[in-house]
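Structural description and commentary
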Amino acid sequence: MSRPKVALVASGGAVRGLAHLGVLRACEELGLAPDILVGTSTGAIVCATYGQNIPLDVLLDGYRLPWRRRHNGPRLHASTFLGGPSRRELLDPGHLLSGLFSLHKLERYLRTQLPINSFRQLPRPVFLTAVDLDTGARVVFGPGYEDHVPVSEAVAAACAVPGLFRPYRIGNRYFVDGEVVRTLSADLAVEAGASVVIVSNTYRHDAAEGRKRSLARLGVHRVLRQSLSVLLSEKERRGLELLSRRLPHVAFVDVAPDLGPYGYFNRFSARSLVMRGYGTALRVLAGVKERRLVRGFTIPPAPPVPETGLGGPAQARLAG
């Protein structure tokens, strides 16, 4: 029986989105390397780079400590995102005041680092989503959609978090983060022919019971993070439930790692975030095999990995 077509759908989450790299490592080890990639925000960055056939270890290497790096691949730092205004923005005061930072610096970096900057030439289908600010409609960049836009510009459009970044301009249109409309766009994976859709969602909220101190007493940042996670995870849950009812022949596998206390902008938590994504994906995908959700497909048994996943050979592979 032929191998089913597998898709990875990756959410945003700023730095927390690095957990997607751990999920991809688990997919590769279990023979579920995705044939189709769909992402927005941080998920767009992961999909756009992995979809180039850049080895996963090269992508992971960009987040290792400087003295432990072994590859010359893309390395995204906070300064890559915090760009100053472009000349066009300086001449447009209204646009200049629409956000704190410009994403032109990120676009220029990706333009020079990506081996392939055209959706039409990528070795596998990659779909990135953004929102047209003036119409409120979801816009898809990828094969069969707006594939004339360079990958680097599509990533910048998909990462334009409202308020933090100025809407990214392509032609005469302005775009913001695709999660404004949909947390995930799993429907694009199904339309592209996927029969197994692995959803990597970084917005799992803190549902611990019996905690000694309420989150309301831990500061405004914890309240905002919890509220955002509840909002986006609920959107994701309802969307997947609807798709599952409409498409019973498609297996939707929801991987939502517990990312604990790690914030959206904690660059130094990269190793732990990757390991948590890896550990959760191993357990969830092994459960898929046990429940036989993926027919005609054999998933090799995976060793149990703790939630933090900071021991054993996996640590050596992922943390370098």
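Above: the structure in question.
Throughout, residues of each chain are indexed from 1 in the direction in which the sequence is written. This being a predicted model, a pLDDT of at least 70 is required before a residue's local features are given, and a value of 80 or more before pairs of side-chain atoms are given or counted; all residues contribute to the totals for chains, interfaces and linings. Only hydrogens and water are set aside when side-chain values are computed; all heavy atoms of the structure are taken into account.

1. Examining the packing of helix H1 (residues 19-29) against helix H2 (residues 42-50)
- Lines fitted to the C-alpha atoms define the axes, with helices restricted to the stretch that makes contact. Angles between their N-to-C directions range from 0 to 180 degrees. What counts as a helix is a DSSP run of H or I of at least four residues, what counts as a strand is a run of E of at least two, and both are numbered from the N terminus. Where H1 meets H2, the axes come as close as 10 Å, and the angle between the chain directions of the two elements is 40 degrees. Here H1 is positioned oblique relative to H2, judged by the angle of their axes. Along its contact with H1, which presents His20, Leu21, Leu24 and Glu28, the element H2 presents Gly43, Val46 and Tyr50.
- All amino acids are sorted into three groups, where Ala, Val, Leu, Ile, Met, Phe, Trp, Tyr, Cys and Pro are nonpolar, Asp, Glu, Lys and Arg are charged, and the leftover types, Gly among them, are polar. Its residues assigned to classes, the contact of H1 with H2 comprises four nonpolar, two polar and one charged. Put simply, angles under 35 degrees are roughly parallel, angles over 145 are roughly antiparallel, angles from 65 to 115 are roughly perpendicular, and the rest are oblique. Here, two residues are considered to be in contact whenever any of their heavy atoms come within 4.5 Å of each other.

2. Examining the pattern of salt bridges
- Whenever a carboxyl oxygen of Asp or Glu lies within 4 Å of a side-chain nitrogen of Lys or Arg, that contact is scored as a salt bridge. The full count for this structure, using the stated rule, is nine salt bridges.
- One salt bridge connects Glu89 with Arg166, and the closest N-O pair in it is separated by 3.3 Å. Of this pair, Glu89 sits in helix H5 (residues 87-90) while Arg166 sits in the loop between strand E6 (163-165) and strand E7 (168-170), placing them 77 residues apart in sequence. No difference in accessibility class separates Glu89 from Arg166, as the two residues are buried.
- Among the ionic pairs, Arg111 bridges to Glu107, the shortest N-O distance being 2.5 Å. Pair noted here: Arg111 and Glu107 are both in helix H7 (residues 104-113), with a separation of four residues, about one helical turn.
- For each residue, the accessible area found with a 1.4 Å probe, counting protein chains only, is set against the maximum for its type, and the residue is called buried under 20%, exposed over 50%, and partly exposed in between. Taking the relative accessible area as the measure of exposure, Arg111 reaches 45% and is therefore partly exposed.
- Bridged by salt links that share partners, the residues Arg25, Glu28 and Asp57 form one connected network.

3. Some points on the packing of aromatic side chains
- Pairing of aromatic rings covers Phe, Tyr and Trp, the last counted by its six-membered ring, and requires centre-to-centre distances within 6.5 Å; plane angles under 30 degrees mean stacked, over 60 mean edge-to-face, and any other angle means tilted. For the structure shown, the criterion picks out two aromatic pairs.
- Their ring planes at 85 degrees and their centres at 6.0 Å tell us that Phe127 and Tyr145 sit as a pair that is edge-to-face. Taken together, the residues span a long stretch of sequence, with Phe127 in strand E4 (residues 126-132) and Tyr145 in the loop between strand E5 (138-141) and helix H8 (151-158) at a distance of 18 residues.
- For Phe127, a relative accessible area of 5% gives the class buried.

4. Remarks on unusual backbone geometry
- Even without glycine at this site, Ala14 takes up a positive phi of about 55 degrees.
- The topology assignment puts Ala14 in the loop between strand E1 (6-10) and H1.
- Using a relative accessible area of 28% as the deciding quantity, one classes Ala14 as partly exposed.
- Residues other than glycine seldom take positive phi values, yet Asn53 does so here, at roughly 70 degrees.
- With respect to the helices, strands and loops of the structure, Asn53 is situated in the loop between H2 and helix H3 (56-61).
- Given a relative accessible area of 45%, Asn53 falls into the partly exposed group.

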